[in-house]
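Spelled out, the chains give:
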Amino acid sequence: MAIWVLLLLLLGVPAGSRALPADGSAALLEEERYIALTFDDGPRSGTTDRLLDGLRQRGASATFFLVGEQAAANPALVQRMQAEGHQVGNHTWSHVRLEGMDAAPALAEIQRTDEYLQQLLGEGDYWLRPPYGLIGEQLEPQVPVPMVKWSVDPRDWESRNTQAVVRAVLRDAKPNSIVLLHDIYATSVEAALQVVDALQKEGYWFVTVEELLRLNGVTPQAGALYRTGTG
Ligand code: NI
């Protein structure tokens with residue numbers, strides 16, 4: 001996005017202006033399209049590296065919801081995510097199903113990963129994706145950060161088939177979608193990069209969940225669950 005804004009500034013068009021040239025290029029810019037890819041259950045050596053390489057080549061940002069014990073085993077990958085502009089989030093310490101758990105052990109699972117990320121990456125808000133997307137109404141208000149679900153689920157963990165995942169994402173993706181993927185599978189990483197290539201041609205920008213909400217004027221609240229960029 002930075003390059004695009006810079007170009008507009010150089011052309012003397014204020015960022016955010018909808019005054020566009022009256023040629024064919026106007027249609028593409030008229031409606032800005034943003035989408036967020038999210039990756040759960042990593043990081044994993046081999047697959048996450050490949051994904052980070054591919055995202056960097058394409059100028060695409062993403063959001064990673066990390067399992068604490070996986071993060072602790074791959075700290076360099078977590079630092080690389082942050083350094084390359086991706087959003088890092090929390091997916092509990094050991095990938096537990098929070099729904100139905102007592103509050104104290106459930107919050108401890110969240111807090112342990114949070115403390116690890118604070119120590120590794122510095123102070124920040126590390127948003128939560130509850131494993132399986134399930135947390136339960138009693139626990140929700142006790143979570144001290146915003147929570148993220150998704151609006152597009154290609155069930156990549158089930159098919160482990162690159163083409164099936166690409167087709168499912170392209171069928172369901174819309175502006176402001178939040179897409180669920182898993183960077184622990186080589187098939188999902190390859191699918192994600194193909195999705196980026198296809199949707200960039202359609203004018204999409206790949207941003208983090210935090211950026212997607214901000215672009216839509218949504219102020220994230222602790223304990224609230226977000227499924228798309230508009231809420
Ligand atoms: Ni998961």
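Our structure's up above, just so we're on the same page.
Residues numbered from 1 in each chain as written. Predicted model: local features only at pLDDT ≥ 70, side-chain atom pairs only at ≥ 80, totals over all residues. Heavy atoms only, no water.

Okay, the coordination of the nickel ion next. Summarising the metal site, the nickel ion is bound by the protein donors D41 (OD), H91 (NE2) and H95 (NE2), whose distances to it range over 2.0 to 2.2 Å. Expressed as a motif, the donor residue spacing for the nickel ion is D-x49-H-x3-H. Here the residue D41 occupies a position in the loop between β1 (33-40) and α3 (47-58), and H91 occupies one in the loop between β3 (87-90) and α6 (103-121), the gap between them amounting to 50 residues. Like D41, the residue H91 is buried in the burial classification. (Donors = N, O, S within 2.8 Å, 3.2 Å for Na, K, Ca; no water. Helix = DSSP H or I, 4+ residues; strand = E, 2+ residues; numbered from the N terminus. Buried < 20%, exposed > 50% of the residue type's maximum accessible area, 1.4 Å probe, protein only.)

Following the criterion strictly, the structure yields 11 salt bridges and no others. Note that D53 is salt-bridged to R80, the shortest N-O span being 2.7 Å. Within this pair, whereas D53 is found in helix α3, its partner R80 is found in helix α5 (residues 75-83), the two being separated by 27 residues in sequence. Looking at R80, the relative accessible area reads 18%, which means it is buried. Through salt bridges with shared partners, a single network forms among D53, R56, R80 and E84. (Salt bridge = Lys/Arg side-chain N within 4 Å of Asp/Glu carboxyl O.)

A separate point is the pairing of β1. In terms of residue burial, β1 counts as a mostly covered element, since seven of its eight residues are buried. Taken together, the three bridges between β1 and strand β6 (residues 204-206) define a ladder with parallel strand orientation. Residue pairing in the sheet places R33 in a bridge with Y204 of β6. Bridging between β1 and strand β5 (residues 178-182) involves five bridges; their strand directions are parallel. Considered in β5, the bridge of D40 is made with H182. Two strands pair when backbone bridges link them, and β1 and strand β2 (residues 63-66) are joined in this way by three bridges, in the parallel orientation. Bridge assignment links F39 to a residue of β2, and that residue is F64. The parallel pair β1 and β2 is bridged by α3, and the resulting crossover is right-handed. (Pairing = 2+ DSSP bridges. Right-handed = clockwise from strand over helix to strand, strands pointing away.)

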